[in-house]
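Each chain, written out:
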Amino acid sequence: MALYEDCVCLAQARLIEGKRKKAHVCTIALHRPSGGFIRLCLPFNSSPESEIRRWDVFSFEGSPDEMDTRRESVGLQVFLGKHGQATNGERKDIHKHILSTYKYEQELNEERQSVGILLFDKDTVSFEEGPLSSREKEYRLIMQDKGLFFPNYKLYMTAKSEGYQSRHFRKQVLEWNFFEAIRKGLDPLAAFGQYKHPYAILGNTPYQRNGFMIVSFLSAPSGFMSYALSVHDTNRQTQH
């Protein structure tokens, strides 16, 4: 078991419960001591760790999950507490750091990374609904029996991005805030329009390692997107 101190919550997917795992929220955080991403499942119950939300700083003890071999995944064993939120100045530094890790999806797959960043043209964004898979229909029934919300459709986003050969992508959106809005009967896309410079945190699943979904959106400070692209281009030229 290892100690994970000074973790900052960045992205959370919508609530889910299946046959093997109780209700939980898949969470991606920045482990500031190492500068790397970690993924952990936070329980959805009355525990203190279930109250973690974006920009919260927290610590825990964890160990590799035998059922999940993705390198960024950690099983939470002992929650050590929440330590406030990242300040505005810290958030700016965090944006700069995580955007400096930007890689195309093909590069993430080649390096077997399961968490990444997605940059896209905001003016080309569109959202659409799609049918649930058979597995998701099972989740929905299980959760309905327990009074937990799971929508009867999937949400997808399409936009242009230079990170793809076709110059555009279509990805499923899992963001917690979107589905909380749907549960409350509100427009889930209202907040997205307020992001001046949106980018996405990507994650894959244990069952589909070479395809990514949008876990959450963040909004970068002005100029940070061009910075991310320049760092990426410099890294590619160095490697070649």
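Here the structure is a predicted model, which means the values were calculated and not measured.

Visitor: Which parts of the structure should I look at to understand the overall build of the protein chain?
Guide: If you tally the helices and strands in the protein chain, you get 5 helices and 11 strands. Rg of the C-alpha trace for the protein chain: 18 Å, near the compact-globule value of 18 Å for 240 residues, within the 12% margin. In the protein chain, of all internal contacts separated by at least 6 residues, the share reaching a separation of at least 24 is 65%. For the protein chain, the exposed surface amounts to about 12500 Å²; the carbon and sulfur share of it is 48%. Separation of charge centres in the protein chain, based on 32 positive and 29 negative side chains, amounts to 3 Å.

Visitor: I'm lost on the pattern of salt bridges in this one. Help?
Guide: Pairs can form between side chains of opposite charge once their charged atoms are near each other. Per the counting criterion, the structure on display carries 12 salt bridges. Between Lys-146 and Glu-17 there is a salt bridge; the shortest N-O distance is 2.4 Å. On the criterion of sequence distance, the pair formed by Lys-146 in the loop between α3 (134-145) and β8 (154-160) and Glu-17 in the loop between β1 (2-12) and β2 (24-31) is long-range, its members being 129 residues apart. Given a relative accessible area of 47%, Lys-146 falls into the partly exposed group. Assessed through its relative accessible area of 4%, Glu-17 is described here as buried. For Asp-68, the salt bridge goes to Arg-70, with nearest N and O atoms at 2.6 Å. Salt bridges linked by common partners bring Asp-6, Arg-32 and Glu-90 together as one network.

Visitor: Explain the packing of aromatic side chains to me, please; I cannot follow it from the model alone.
Guide: Two aromatic rings, taken as a pair, are described by how far apart their centres are and by the angle between their planes. Scanning the model with the defined rule gives 12 aromatic pairs in all. Residues Tyr-102 and Tyr-104 carry aromatic rings whose centres are separated by 5.9 Å and whose planes lie at 75° to one another, so their mutual orientation is edge-to-face. A relative accessible area of 4% places Tyr-102 in the buried class. Classification of Tyr-104 by relative accessible area gives buried; the value is 13%.

Visitor: Please clarify how the packing of helix α1 (residues 88-99) against helix α5 (residues 224-239) should be interpreted in this entry.
Guide: Between two packed helices, what matters for the description is the angle formed by their axes and the separation of those axes. Axis separation between α1 and α5 bottoms out at 9 Å; the angle between their running directions is 30°. Between α1 and α5, the angle is such that the two are roughly parallel. Once α1 is placed against α5, the crossing between them reads as right-handed. Contacts between α1 and α5 involve Lys-92, His-95, Lys-96 and Leu-99 on the former and, on the latter, Phe-224, Met-225, Tyr-227 and Ala-228. Partitioning the contact of α1 with α5 into residue classes produces 5 nonpolar, 1 polar and 2 charged.

Visitor: I'm lost on the state of the cysteines in this one. Help?
Guide: Here, disulfide denotes a covalent bond that connects the sulfur atoms of two cysteines. This model, assessed by the stated rule, comprises 0 disulfides. Of all cysteine sulfurs in the structure, the one in Cys-9 sits closest to Cys-7, which takes part in no disulfide; the separation is 10 Å. Here Cys-7 falls in the buried class, since its relative accessible area comes to 0%. Of all cysteine sulfurs, the one in Cys-26 lies closest to Cys-41, which takes part in no disulfide; the gap is 5.2 Å.

Visitor: I tried to follow the nonpolar core on my own but got confused; where do I start?
Guide: Note that soluble globular proteins tend to have their nonpolar side chains buried in a common cluster. By size, the foremost hydrophobic cluster in this structure holds 28 residues, and its most contacted members are Ile-98, Leu-99, Ile-117, Tyr-199 and Ile-201. Listing elements by their share of this core, those giving two or more residues are β1, β2, α1, β6 (115-118), β10 (198-203), β11 (213-219) and α5. Grouped together as the second largest cluster of nonpolar side chains are 21 residues, Val-173, Phe-178, Phe-192 and Tyr-195 included.

Visitor: What's the story with α5 in this structure? I'm lost.
Guide: Helical geometry: 3.6 residues make up each α-helical turn, so side chains three or four residues apart lie on a common side. If you check α5, its first and last C-alpha atoms are 23 Å apart, about what 16 residues at 1.5 Å a residue would give, namely 22 Å. Looking at the buried positions of α5, the neighbouring elements they touch are α1, α2 (105-110) and β10.

Visitor: What's the story with the layout of surface pockets in this structure? I'm lost.
Guide: Which parts of space are left empty comes out when a probe the size of a water molecule is rolled across the atoms. Put simply, the largest pocket is a space of about 1200 Å³. As for the largest pocket, its lining consists of 42 residues, and the residues nearest its centre are His-24, Tyr-139, Thr-205, Pro-206 and Tyr-207. Counting only elements with at least two residues in the lining of the largest pocket, the list comes to β2, β3 (36-43), β5 (75-85), α3 and β11. At 4 residues, the largest contribution of residues to the lining of the largest pocket is made by α3. Residues of the lining of the largest pocket, tallied by class, amount to 16 nonpolar, 13 polar and 13 charged. Its boundaries defined by the atoms lining it, the second largest pocket holds a volume of some 240 Å³. Looking at the second largest pocket, it is lined by 13 residues, and the ones nearest its centre are Tyr-104, Gln-106, Glu-107, Gly-163 and Arg-236. Only α2 and α5 provide two or more residues apiece to the lining of the second largest pocket. It is α2 that contributes the most residues to the lining of the second largest pocket, 3 residues altogether. Its residues assigned to classes, the lining of the second largest pocket shows 2 nonpolar, 5 polar and 6 charged.

Calculation notes
Residues numbered from 1 in each chain as written. Predicted model: local features only at pLDDT ≥ 70, side-chain atom pairs only at ≥ 80, totals over all residues. Heavy atoms only, no water. Helix = DSSP H or I, 4+ residues; strand = E, 2+ residues; numbered from the N terminus. Rg over C-alpha atoms; globule rule 2.2 N^0.38 Å. Contact = heavy atoms within 4.5 Å. Areas by Shrake-Rupley, 256 points an atom, 1.4 Å probe, with all protein chains shown as cover. Lys, Arg positive; Asp, Glu negative; His and termini not counted. Charge placed at Lys NZ, Arg CZ, Asp CG, Glu CD. Salt bridge = Lys/Arg side-chain N within 4 Å of Asp/Glu carboxyl O. Buried < 20%, exposed > 50% of the residue type's maximum accessible area, 1.4 Å probe, protein only. Phe/Tyr/Trp six-rings, centres within 6.5 Å; stacked < 30°, edge-to-face > 60°. Axes fitted to C-alpha atoms, helices over the stretch in contact; angles between N-to-C directions. Parallel < 35°, antiparallel > 145°, perpendicular 65-115°, else oblique. Left-handed = near helix turned anticlockwise from the far one by under 90°. Nonpolar A, V, L, I, M, F, W, Y, C, P; charged D, E, K, R; others polar. Disulfide = S-S within 2.5 Å. Core = buried A, V, L, I, M, F, W, Y, C linked by side-chain atoms within 4.5 Å. Expected span 1.5 Å × (residues − 1). 1 Å grid on protein atoms, 1.4 Å probe; cavity = no way out; pocket = protein on both sides within 12 Å on 5 of 7 lines; lining within 4 Å. Points joined across faces, edges and corners; volume = space filled by probe spheres on them.

By themselves, these figures tell us nothing about what the structure is for.
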